[in-house]
Amino acid sequence: MNTAPLRIAVAGLGTVGGGVLKALQTRGGELAERAGRRLDVVAVSAREREKPRAADISGIAWVDDPSALASADADVVVELMGGEDGAALALIEAALSSNKHVVTANKALLARHGARLAALAERSGLALKFEAAAAGGIPIVKALRESLIAHGINSVCGILNGTCNFILTEMEKTGRGFADVLKDAQALGYAEADPALDIGGGDTAHKLALLSSLAFGTVPDLEHMHVEGIAAIMPEDIRYAREFGFRIKLLGVARRVGAGIEQRVRPAMVRAGTPLGEASGAFNAVAVDAGEAGPFFFEGRGAGAGPTASAVIADLVDIALGSFEPAFGKPAHTLTPLVPAPATDASSAFYLRFNVLDIPGVVAEIAGHLADAGVSIESMLQRGRNPGEAVSIVMITHDTPQASVTRALKAIARSDKVLGSPGVIPMELG
Ligand code: NAP
Ligand code: HSE
């Protein structure tokens with residue numbers, strides 16, 4: 001057994017990097033006992049040397065150029081800078097080419113380059129580990145890679161973005177506006193450097209691509225994925241969801257459909273009181289259907305320094321123990337291209353909100369277009385108004401194909417009594 005200290009070089013000292021250094025400094029003794037050797041940070045890099053950091057870096061070698069860490073006297077390079085290309089990719093490639101293990105939290109980079117980097121790591125018997133890249137502190141990568149392997153996975157469905165879940169929860173709880181709550185998420189270290197990635201669903205897509213690869217043994221694939229974010233969700237949608245006993249969640253879903261895989265990211269109404277509906281704030285939650293092993297539900301903090309550092313350190317301890325599998329659970333050359341599920345006409349119930357002029361005949365007109373398209377209404381409500389103001393009409397449909405809803409909405413959009421774009425959110429009733 002190797003008892004020499006594991007020498008670690010860290011690129012990026014922001015939310016995650018700062019959290020990792022702090023935890024290694026405060027819990028170093030206990031971690032060394034678990035790892036059977038010390039975990040020593042020997043070199044660090046970030047953009048600004050003088051910036052205050054969450055941990056003391058005074059005794060650690062500093063390099064200005066992060067790619068120089070690939071030639072540092074280290075066993076592992078930890079990439080925590082972010083960005084799908086650029087400095088992060090250059091460092092990871094250089095580190096693997098220089099015989100160094102790599103740990104990263106960078107889902108954007110791995111969703112695009114993961115299979116190739118995994119092959120590069122395997123050629124030299126090196127680890128490429130990324131527990132922190134999906135669902136923060138939840139050990140879902142390890143669970144899919146090493147634990148839930150006996151019977152195959154049918155589906156993975158989760159709340160994978162802490163920023164969006166925090167925003168939706170705070171808006172519901174406090175009635176505060178979107179932009180205001182986003183600022184809090186940024187201050188708490190939840191959001192990406194470019195928060196459009198969170199809001200637009202891109203970050204969830206990156207994580208879903210990784211979980212899908214681990215679950216189904218496919219190359220991470222962003223091309224065959226429907227991606228919608230939460231930007232079109234209005235405060236009134238959140239209020240109406242509550243009235244109907246639902247919560248709006250941004251869900252990433254990957255599932256087997258016939259011989260193919262369906263991957264989609266979109267907001268959905270989830271019943272309050274269910275485990276997924278109750279995962280709130282920056283928490284993430286992942287439901288896995290593991291075939292004969294049954295359903296599993298994981299929940300925990302999905303973003304921020306503490307949970308993410310926890311996942312990075314778990315990877316480092318595995319490396320210290322010499323315990324590492326191929327990055328995606330199978331040798332990289334055996335990962336297959338993802339075969340997308342045929343574009344079937346998925347059915348669900350839908351929440352529909354229309355802003356309309358409060359004049360006679362408007363409800364009948366909307367209901368008529370829905371009926372013509374074969375969309376049946378389960379319940380409906382209309383809120384009062386101040387004289388002269390538009391009113392909201394909210395409808396929950398019975399189970400209906402998406403194409404029928406789309407057809408009805410096209411006809412409704414031509415009405416001069418309906419104002420602006422409707423709110424349209426599928427309902428997860430399972
Ligand atoms: P962050 O707070 O913005 O920190 C980024 C760090 O990288 C900073 O220390 C920055 O230096 C440094 N950096 C960025 N570009 C650099 C470059 N070109 N050269 C040298 N240093 C550079 O970001 P973060 O939230 O810690 O996220 C880091 C990574 O973890 C990202 O891939 C992110 O997607 C992922 N992640 C984040 C979370 C989370 O909750 N925040 C969770 C899971 C995964 P300065 O400090 O000097 O500016
Ligand atoms: N921006 C990401 C989130 C960080 O909000 O979930 C964790 O991956």
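The model shown is predicted, which means the values in this text are computed figures rather than measured ones.

Caption draft 1: Looking closely at the overall build of the protein. When helices and strands are tallied, the protein shows 14 helices and 17 strands. Here the protein has a C-alpha radius of gyration of 24 Å; the compact-globule value for 430 residues is 22 Å, and the two agree. In terms of principal-axis extent, the alpha carbons of the protein reach across some 80 × 45 × 35 Å. For the protein, the proportion of its 430 residues judged to be buried stands at 53%. Long-range pairs, those at least 24 residues apart, make up 73% of the contacts in the protein between residues at least 6 apart in sequence. Accessible surface, the protein as shown: approximately 18,100 Å² in total, 52% of it carbon and sulfur. Where the 40 positive side-chain charges of the protein centre and where its 48 negative ones centre are 1 Å apart.

Caption draft 2: Spotlight on the packing of helix α3 (residues 86–97) against helix α4 (residues 107–123). Their axes nearest at 10 Å, the elements α3 and α4 cross at an angle of 10°. Comparing the axis directions of α3 and α4 gives the class roughly parallel. Counting all contacts with α3, which are made through A88, L89, I92, E93, L96 and S97, the residues of α4 involved are L109, H113, R116, L117, L120 and A121. Tallied by class, residues from the contact of α3 with α4 come to eight nonpolar, two polar and two charged.

Caption draft 3: Examining the site of ligand 1 more closely. The local shell around ligand 1 holds 24 residues, among which L13, E48, R53, E192 and G304 are the closest. One nitrogen or oxygen atom from the side chain of R53 is found 2.7 Å from an oxygen atom belonging to ligand 1. Contact distances for ligand 1 include 2.7 Å between an oxygen atom and a backbone N or O atom of G304. Contact with the protein chains hides 85% of the accessible area of ligand 1, taken as 900 Å² for the molecule alone. Across the shell around ligand 1, the residue classes tally to 10 nonpolar, eight polar and six charged.

Caption draft 4: Spatial organisation of the sheet that holds strand β4 (residues 76–79). The sheet built from six strands is open, its strands ordered β3-β2-β1-β4-β5-β6 with parallel pairing. Of all strands in the sheet, those bounded by a partner on one side alone are β3 (61–62) and β6 (128–129). Here α3 sits on the sheet and contacts β1 (6–11), β4 and β5 (101–104); the angle it forms with β4, its principal contact strand, is near 165°.

Caption draft 5: How the structure looks around the state of the cysteines. For the structure on display, the rule yields zero disulfides. Of the cysteine sulfurs around C157, a residue in no disulfide, the closest is that of C164, at 15 Å.

Caption draft 6: Up close: the packing of aromatic side chains. Under the defined criterion, the tally for this structure stands at two aromatic pairs. Look at F130 and F328: their rings are 5.2 Å apart centre to centre, the planes differ by 45°, and that puts the pair in the tilted class. Taken together, the positions of F130 in the loop between β6 and α5 (140–147) and F328 in the loop between α12 (305–320) and β13 (347–356) put the pair 198 residues apart, joining distant regions of the chain. Assessed through its relative accessible area of 0%, F130 is described here as buried. By relative accessible area, which is 1% here, F328 ends up buried.

Caption draft 7: Expanded view of the domain arrangement of the protein. With domains assigned, the protein is organised as domain 1 (6–137 + 309–334), domain 2 (148–300) and domain 3 (343–428). Placing the centre of domain 1 and that of domain 3 at their C-alpha centroids yields a distance of 50 Å.

Caption draft 8: How the structure looks around the nonpolar core. Grouped together as the largest cluster of nonpolar side chains are 88 residues, with contacts concentrated most on F130, I140, I153 and V288. Those residues within four positions of I140 in sequence are excluded, and the remaining contacts are E131, A134, A135, L211, V286, V288 and F298. Counting 33 residues, the second-largest nonpolar core is a separate cluster that includes L6, V20, L31 and A132.

Caption draft 9: Spotlight on the pairing of strand β9 (residues 246–257). Sheet analysis places strand β7 (residues 155–159) next to β9, joined by four bridges and oriented antiparallel. Following the sheet pairing, G158 is matched in β9 by G252. Bridge count for β9 against strand β10 (residues 260–271) is 12 bridges, and the pairing is antiparallel. Directly across from L251, in β10, lies its bridge partner R266. Hairpin connection, β9 to β10: the antiparallel pair is bridged by two residues, and G258 has positive phi, about 60°.

Caption draft 10: Examining a nonpolar patch on the surface more closely. A cluster of nonpolar side chains, L357, I359 and L419, forms an exposed patch at the surface whose accessible area comes to about 210 Å². Topologically, I359 is positioned in the loop between β13 and α13 (362–372). For I359, a relative accessible area of 38% corresponds to the partly exposed category.

Caption draft 11: Geometry of the pattern of salt bridges. Applying the stated criterion across every chain, the model contains 26 salt bridges. Note that R116 and E93 form a salt bridge whose closest N and O atoms lie 2.8 Å from each other. Here R116, found in helix α4, pairs with E93, found in helix α3; they are 23 residues apart in sequence, far enough to count as distant. The exposure class assigned to R116 is partly exposed, which follows from its relative accessible area of 43%. Residue E93 is classed as partly exposed on the basis of its relative accessible area, which comes to 24%. With a closest N to O distance of 2.8 Å, E278 and R247 form a salt bridge. Pair noted here: E278 is in helix α11 (residues 275–278) and R247 is in strand β9, with a separation of 31 residues, a long-range link. A relative accessible area of 39% means that E278 is categorised as partly exposed. By sharing partners, the salt bridges in this structure join K129, K142, R145, E146 and D318 into a single network.

The rules we used
Residues numbered from 1 in each chain as written. Chains lettered and ligands numbered in written order. Predicted model: local features only at pLDDT ≥ 70, side-chain atom pairs only at ≥ 80, totals over all residues. Heavy atoms only, no water. Helix = DSSP H or I, 4+ residues; strand = E, 2+ residues; numbered from the N terminus. Rg over C-alpha atoms; globule rule 2.2 N^0.38 Å. Buried < 20%, exposed > 50% of the residue type's maximum accessible area, 1.4 Å probe, protein only. Contact = heavy atoms within 4.5 Å. Areas by Shrake-Rupley, 256 points an atom, 1.4 Å probe, with all protein chains shown as cover. Lys, Arg positive; Asp, Glu negative; His and termini not counted. Charge placed at Lys NZ, Arg CZ, Asp CG, Glu CD. Axes fitted to C-alpha atoms, helices over the stretch in contact; angles between N-to-C directions. Parallel < 35°, antiparallel > 145°, perpendicular 65-115°, else oblique. Nonpolar A, V, L, I, M, F, W, Y, C, P; charged D, E, K, R; others polar. Near = heavy atom within 4 Å. Polar contact = N/O pair within 3.5 Å; in protein donor to acceptor, adjacent residues only side chain to side chain. Pairing = 2+ DSSP bridges. Disulfide = S-S within 2.5 Å. Phe/Tyr/Trp six-rings, centres within 6.5 Å; stacked < 30°, edge-to-face > 60°. Domains from an automatic or database assignment. Core = buried A, V, L, I, M, F, W, Y, C linked by side-chain atoms within 4.5 Å. Patch = residues over 30% accessible without salt bridge, like charges linked within 9 Å, V, L, I, M, F, W, Y side chains within 5 Å. Salt bridge = Lys/Arg side-chain N within 4 Å of Asp/Glu carboxyl O.

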